[in-house]
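Coordinate analysis (summary)
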Amino acid sequence: MAGWDSTATHPLKNDNDMFKIEHPPFLYHKYQIKPDPSPVFNYTYNQKDQPVYPESTYEYQPLNENAILNYIDKLSNDAVRQQLKESIDYIQQLSFQVDLLNVEAEKKTLSQNHSTNATTIDKNVNTSWDSLVDRIINETDQKASLYLQNKFKCSTLDQKRTIFKSILNKAYDLMTNRFGNFLIQKLLELGAEDQVQALVNTMRGRILILTCEPFGCHVVQKVLDHVSEPVKAELISELFVKIPETITHKYACHVWQKVFEVRWSSDTTPMMNHIHESLKGRWAQIALDETGSLVIQNIFENLTEEDKRPVLDEVLQSTVMIAKGQWGNWVIQHILEQAEKSSDRETAFQTVIKEAVQLSMDQFASKVVEKALRIGGEQFMTKFIKRISTVSCSHRPRVALVDIASDQYGNYVVQWLINNASEEQKISTCRLIKRHMVSLRGSKYGQRVAFLVEKVLRNVEVTTYPSS
């Protein structure tokens, strides 16, 4: 590809005889001459019909390929136009070659970095384990953590002892490290009994702090899987000094859930008595907490009837308040669906029926109502419909059913009733609602129920002639 002709007279040379050649805009960019800021390049000409160029500056302007090609096509001199096009092709080829060189250089840099890493973490007996541990702690080095985990798993007994010695010296710092905690967990899984005991000794007196750490809490959970029951009880007892503060803590709550999941061969009553004594009268508030609601559901699923009875009793006494909570409603739903004793489930169902109106019109308690309707069967649905069809939530003569149907959240409960009730219940409910269709159609939320009612009653003959 031909390039610029070095012997040709350049259009920008200060030779007035050569200014007869039109000046394409890309040369401004090439020679760092600032063009006219207007979108169209308008030039003035002197008496000899020669263009007068803007004053030269040294501000770089980006190339505009379309503008270049447009100006080249407008050139009157065929030879210059051809030479410029060839030059542009040549520049594009050079640009492509430069891009290829940049890619090769980048690949070479990545290869060198990979080689450096491989040299730094070399799989041989001369590797400095202390330096790798320091890299995990000081640089949060994930590769060093993974390498040590694999090395400990596959090494000889002598190498394992050497690696463990380097780790044990800074075990606590690793427990609270983003990647170091995984290394400690791996040692708890694969380490010998004396090594696990050495790690436990490092944790003694620090269980409360580790439990409230974002990474340390995982180590505490793991250690409960790999120590004897007396050691478990000893470690858990360190949490007793701050049970109310840790039971709903963002990280400590996971440790408490692990504690309740532990299967003890001995009697756990003394431990649970201590917990109940610290949290007596507080279980309802715990149920309203985001993490506390999970802890309570975990208690319901994993503890014996005797151990969870105090929690159940307090929750059932505050069913309405808890059901209205963003997180508490899940606790009540859990009791409705999974409580072991039928009497506990019956108590919860009766509360839903008794407080059907206010629960149905609450943002979160309405979910409890829908759950009760789904799992309560036809008998519960009959009692529920009877309750909301006979009571009024105001001094007006209309039944609460209509108020619920017009409510922002209650309308979903009524829609569910209409869609899932038996044919007889569905028609009787729709006839009650139809008496107040004007009010429902004027309601933003009630019009949804009104549409369903009309759909159900469309093929049902309704006579309004008074009986004799």
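Structure report, in brief. What you see is a predicted model, and the numbers here were worked out from it, not measured in a lab.

This next bit is on the packing of helix 21 (residues 342-354) against helix 23 (residues 365-390). The N-to-C vectors of helix 21 and helix 23 enclose an angle of 60°; their axes lie 10 Å apart at closest approach. Classified by the interaxial angle, the pair formed by helix 21 and helix 23 is oblique. With respect to the hand of their crossing, helix 21 and helix 23 are arranged in right-handed fashion. Of helix 23, the residues touching helix 21 (which contributes Phe 349, Gln 350, Val 352, Ile 353 and Lys 354) are Val 368, Val 369, Ala 372, Ile 375, Gly 376, Phe 380, Lys 383 and Arg 387. Broken down by class, the residue content of the contact of helix 21 with helix 23 amounts to 8 nonpolar, 2 polar and 3 charged.

Our focus in this paragraph is the packing of aromatic side chains. Evaluation of the coordinates by the stated rule reveals 4 aromatic pairs. Taken together, a centroid distance of 6.3 Å and an interplanar angle of 20° make the contact between Trp 129 and Tyr 147 stacked. Placement of Trp 129 in helix 4 (residues 129-139) and of Tyr 147 in helix 5 (residues 142-154) is noted, with a sequence separation of 18 residues between them. The residues Trp 129 and Tyr 147 share a single accessibility class, namely buried. Among the aromatic side chains, those forming a connected cluster through ring pairs are Phe 349, Phe 380 and Phe 384. Of note, Lys 160 hangs over the ring of Phe 152, and the distance from its end group to the ring centre comes to 5.7 Å. One cation-aromatic arrangement involves Arg 206 over Tyr 172; the distance from NZ or CZ to the ring centre is 4.2 Å.

Across its 12 residues, helix 6 (residues 157-168) extends 16 Å between first and last C-alpha, which sits within 8% of the 16 Å expected from 1.5 Å per residue. Among the residues of helix 6, those classed as buried are Gln 159, Lys 160, Ile 163, Phe 164, Ser 166 and Ile 167. End-on, the buried residues of helix 6 take up no more than an arc of 160°, which puts them together on one face. Helix 6 presents Leu 157, Asp 158, Arg 161 and Lys 165 as exposed residues on the side facing more than 90 degrees away from its buried surface. Considering only its buried residues, helix 6 is in contact with helix 4, helix 5, helix 7 (171-175), helix 8 (180-190) and helix 9 (193-203).

How each quantity is defined
Residues numbered from 1 in each chain as written. Predicted model: local features only at pLDDT ≥ 70, side-chain atom pairs only at ≥ 80, totals over all residues. Heavy atoms only, no water. Axes fitted to C-alpha atoms, helices over the stretch in contact; angles between N-to-C directions. Helix = DSSP H or I, 4+ residues; strand = E, 2+ residues; numbered from the N terminus. Parallel < 35°, antiparallel > 145°, perpendicular 65-115°, else oblique. Left-handed = near helix turned anticlockwise from the far one by under 90°. Contact = heavy atoms within 4.5 Å. Nonpolar A, V, L, I, M, F, W, Y, C, P; charged D, E, K, R; others polar. Phe/Tyr/Trp six-rings, centres within 6.5 Å; stacked < 30°, edge-to-face > 60°. Buried < 20%, exposed > 50% of the residue type's maximum accessible area, 1.4 Å probe, protein only. Lys NZ or Arg CZ within 6 Å of the ring centre and 35° of its normal. Expected span 1.5 Å × (residues − 1). Arc of directions from axis to C-beta.

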